[in-house]
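# Structural features, examined
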Amino acid sequence: MKNRVILLLVFAVGIYFISTIYSNSNLKESNLPKSWKVNDEIINLKIDSLIKIMTLDEKIGQTVLLTSTRDVTGPSVNKNYERLIKEGKVGNIFNAYGAEFTKGLQKMAVENTRLGIPLLFGYDVIHGHKTIFPISLGESASFDLEAIEKSSRIAAIEASSEGLHWTFAPMIDIARDPRWGRVSEGSGEDVYYGCEVAKARIRGFQGSDLKNINTILACAKHYAAYGATQAGRDYHTVDLSDRELRTTYLPPFKAAVDQGVATFMTSFNELNGVPATGNKYLLKDILRNEWGFKGFVVTDYQSINEMVAHGIVENNKDAAELAINVGVDMDLQGEVYSKYLKELIEEGKVSEDQLNITVRRILELKYALGLFEDPYRYSNIERQEKNIMTEEHLEAARDIARKSMVLLKNNNNTMPLSKDTKIALIGSLANSERDMIGSWSGAGKHKDDPVTVLEGFIEKIGKENIFYAEGTKLNRYMRRTDASNKSGFNEAINAAKKADIIVAAMGELQSMSGEASCRTDLDLPGNQKELLVELKKLNKPIILILLNGRPLTLEWEDQEMDAILEAWFPGTMGGHAIADIVFGDAIPSGKLPVTFPRSLGQVPIYYNMKNTGRPIDPNEKVNPYKSMYLDNPNSPLYPFGYGLSYTTFQYSNLVLSNDHITNTKEIRVSVNVKNTGEYDGEEVVQLYIKDLVGSVTRPVRELKGFQKVFIEKGKTKTVEFELTGEDLKFYDINMDYVAEPGDFKLFIGCNSNATLSSEFTYQ
Ligand code: NOJ
């Protein structure tokens, strides 16, 4: 009875507030960005009134995100999540998908809780939902922003048809250490390119209006500097100067805010002594105050609790206090907001106003998605049946997989192969469905759907032309000593003896790249190389097809193989896409978004390094007092932006419209690119600049533009770029973001070693 009276009272108060809806509210800290295209005014009023009638417990429930048991992506699960939904103690669920499943959970929230606030469903839809596209690093190698946007669009269409509202993507951490397994999840080492890819993916996921049923919220992660982890070990310490943080690691996140990204995820790492999840500088000063981010911030998996292990707080309660007070809105699986926020508010350590701001940010997005109008609108079985793995989606996956492959070597035009070649297909990755789709493969099926290399080859040239043998076996936790099992070698050698040419599909298991998948060695794992050594003795041409998620050290392979194709983990249609390239039905056009070192000792290695005071002339082998190694050149094996084609391109006639840029006057740059080979093909034309003198030292080169162009054989295209003062800006000696007057060099070509150059000044 007593409870009912309280409930009635609460409603009465609520109705009073709704009637005073037009009164001024102090809750409107956030307003939806215009790009979200919702009716701010009305939503603001609705949210104000809703928050006014919510109890403290109901508000706290909105800050809680728990995993369902449908998928598990981290170290803990609360099996009572259904009960907690019904009790209004959890407002958001992840790792749940499927129209029926999500509808069932949604019903629990809507029908059992007092206010019926709908759940938000999130999931790691990273490179496809059911139709799996190449891993993000692979897609980035396409240098085709339209294709990347399309892949995210399709992922959003499929995910939203299975009840999802939110993806924990894009992952936009700049990564320059290939030991770090998560290199595979991002767009590589370059800041300019990283920003472009981040924006394309957000456009793809969020579409033009979140109200549309086929859009989902994007999440810029992991904020911030996660990729700068020491020694390439996951979750490890990050210590960076503010200049390096702002120059290299933050720009993609700023670009994400400018593109209207709805949510941010904090990273696991500490930054300069303060864990990212409790980092006021990152979350308040920069994200909210400097950049004006209006969406909500979620933690990574229990990263609030991990602040105890980091040693910045004594216990989970203090961790919750720190996180909410620096502006972390949602607790992913940490269960510390649910446990401690009420107490913290009662003790005056957290203000209810702060909680109101947090809840408002979350409710705004639930409104923007239309969940208050119809909580079940995303969980629609008919849409699910219609939209999953359609012909069109599969074709798009095949197309971008082809575009993402990078031809690293092709001696004497070994590829493309003619379709009547007898092939020995060797390697344990040649027929592994699971490894085709890579890590974070969403709801993609690990069996049946992914097309393997063997299947792709069979479809292309028939079974009778292929002799397949595994040769080696890989094991995720393989140590060097495990590499001695050669029991499969003979079978592989016998298969190779019957063939005209050997195709080796080798690289990494999908589980060797991604979260918690770091390596201290970048060679082909296990005894794959030993098998190649044996195969080489047969004196037949060998094509190495690489399936992997990070730069590898391939000096020996580069010398000994006839051709090398970097195929990454190419997704559901990977086997077909590889066969298309190998047999010439598609022409390779991918370029490396990361540098491939000669040896691990060169790491970190990236194209836009500083010159140093003692740079060594690249033509000089040894010069003891210069910046060099005794045992290797400084240069990488394959530079950033590198990739061959079956055809060749020649660059000429570099023309600048003017010899200077001012803050109101740009330069137009044009160059002729001729297809001088035997095939029609696509080229990624790249423009780099070098700022010769600055108030702080400047990199040897910086990418400032690229265009992927199709050129018919024998034809020439004029490719144009525009450079403005904005492109010349950097953090000067005072940490102001400015362009400094002075001389610049400009380079155009097919990779970051481009030699065709010109000069201009900034005045
Ligand atoms: C941990 C990962 O770091 C993050 O990327 C992912 O989104 C969450 N787990 C949720 O699965």
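This text follows the structure it describes.
Because the structure is a prediction, the values reported are computed rather than measured.

A separate point is helix α15 (residues 352-368). Taking 1.5 Å per residue, 17 residues should reach 24 Å; α15 reaches 24 Å between its end C-alpha atoms and fits that length. At the exit of α15 stands glycine 370, carrying a positive phi of roughly 80°.

As a volume, the largest pocket reaches approximately 1,200 Å³. Forming the boundary of the largest pocket are 36 residues, of which Ile616, Pro618, Asn634, Ser635 and Pro636 lie nearest the centre. Taken together, the residues of the lining of the largest pocket sort by class into 18 nonpolar, eleven polar and seven charged. In this structure, the second largest pocket occupies an estimated 1,000 Å³ of space. Lining the second largest pocket are 37 residues, with Val191, Arg246, Thr247, Pro251 and Tyr737 positioned closest to its centre. Mapped by element, the contributors of at least two residues to the lining of the second largest pocket are α8 (191-206), α9 (242-249), α10 (251-258), β21 (702-711) and β23 (730-731). Each of domain 1 (2-125 + 218-368) and domain 3 (649-762) gives at least three residues to the lining of the second largest pocket.

All right, on to the site of the ligand then. As a structural note, the neighbourhood of the ligand is formed by Thr73, Asp124, Phe168, Arg182, Lys221, His222, Met265, Phe268, Asp300, Tyr301, Trp440 and Glu515. One nitrogen or oxygen atom from the side chain of lysine 221 is found 2.8 Å from an oxygen atom belonging to the ligand. Side-chain polar atom of histidine 222 to an oxygen atom of the ligand: 2.7 Å apart, as the coordinates give it. If the ligand stood free it would expose 300 Å²; the protein chains cover 100% of that surface. Split by residue class, the shell around the ligand holds five nonpolar, two polar and five charged.

Reading across the sheet, the three strands line up as β17-β19-β22 and stay open at both edges, with antiparallel pairing between neighbours. Strand pairing shows two members of the sheet lacking a second neighbour, β17 (649-656) and β22 (716-723), which therefore form its edges. Ignoring strand direction, the axes of neighbouring strands in this sheet form an average angle of 20°. When strand β19 (residues 667-675) meets β22, the two strands line up antiparallel, connected through eight bridges. Paired with serine 670 across the bridge in β22 is glutamate 720.

Attention now moves to the side chain of arginine 246. Turning to its location among the elements, arginine 246 is positioned in helix α9. Filtering out sequence-adjacent residues up to four positions away, arginine 246 remains in contact with Pro251, Tyr281, Ile286, Glu290, Tyr731 and Met735.

Mapped onto the secondary structure, glutamate 87 falls in the loop between α4 (81-86) and β2 (92-94). For glutamate 87, a relative accessible area of 38% gives the class partly exposed. Residues glutamate 87 and alanine 200 lie 113 residues apart in sequence; the distance between their C-alpha atoms is 39 Å. Here lysine 89 takes part through its side chain, which lies 3.2 Å from a polar atom of the side chain of glutamate 87.

The biggest cluster of nonpolar side chains holds 99 residues, and the ones touching the most others in it are Trp166, Leu408, Phe457 and Ile578. Here this core spans two domains, and each of domain 1 (2-125 + 218-368) and domain 2 (403-602) adds at least three residues to it. By size, the runner-up hydrophobic cluster in this structure holds 83 residues, among which are Ile53, Leu66, Tyr249 and Leu271.

The rules behind each value
Every chain begins its residue count from 1, and numbering advances along the sequence as written. Two thresholds apply to this predicted model, a pLDDT of at least 70 for residue-level local features and 80 or more for giving and counting side-chain atom pairs, whereas whole-chain, interface and lining totals are computed over all residues. Just so you know, side-chain values use all the structure's heavy atoms and leave hydrogens and water out. Runs of H or I in DSSP of at least four residues are treated as helices and runs of E of at least two as strands, each being numbered from the N terminus. Expected span, for any helix, means 1.5 Å times one less than how many residues it has. Every definition here rests on a 1 Å grid over the protein atoms only: cavities are sets of points where a 1.4 Å probe fits but cannot get out, pockets are open sets enclosed by protein on both sides within 12 Å along at least five of seven lines, and lining residues have some atom within 4 Å of a point. Grid points are joined across faces, edges and corners, and a volume is the space filled by probe spheres set on the points. Under this grouping Gly is polar, as are all residues other than the nonpolar Ala, Val, Leu, Ile, Met, Phe, Trp, Tyr, Cys and Pro and the charged Asp, Glu, Lys and Arg. These domain limits were set by an automatic method or by a database of domain assignments. Residues are labelled near a given molecule or strand when at least one of their non-hydrogen atoms is within 4 Å of it. Polar contacts, as counted here, are pairs of nitrogen or oxygen atoms within 3.5 Å of one another; within protein the pair requires one atom able to donate a hydrogen and one able to accept it, and residues that are adjacent in sequence qualify only if both atoms are side-chain atoms. Here, Shrake-Rupley sampling with a 1.4 Å probe gives the accessible areas, and only protein chains in the shown set may cover a residue. A strand pair is defined by DSSP finding two or more bridges across the two strands. The convention used is that axes are lines fitted to C-alpha atoms, helices contributing only their stretch in contact, and that angles between N-to-C directions extend from 0 to 180 degrees. Note on definitions: a residue-residue contact is assigned when non-hydrogen atoms from the two residues lie within 4.5 Å. For each residue, the accessible area found with a 1.4 Å probe, counting protein chains only, is set against the maximum for its type, and the residue is called buried under 20%, exposed over 50%, and partly exposed in between. To qualify as a nonpolar core, a set must consist of buried Ala, Val, Leu, Ile, Met, Phe, Trp, Tyr and Cys residues joined through side-chain atoms within 4.5 Å.

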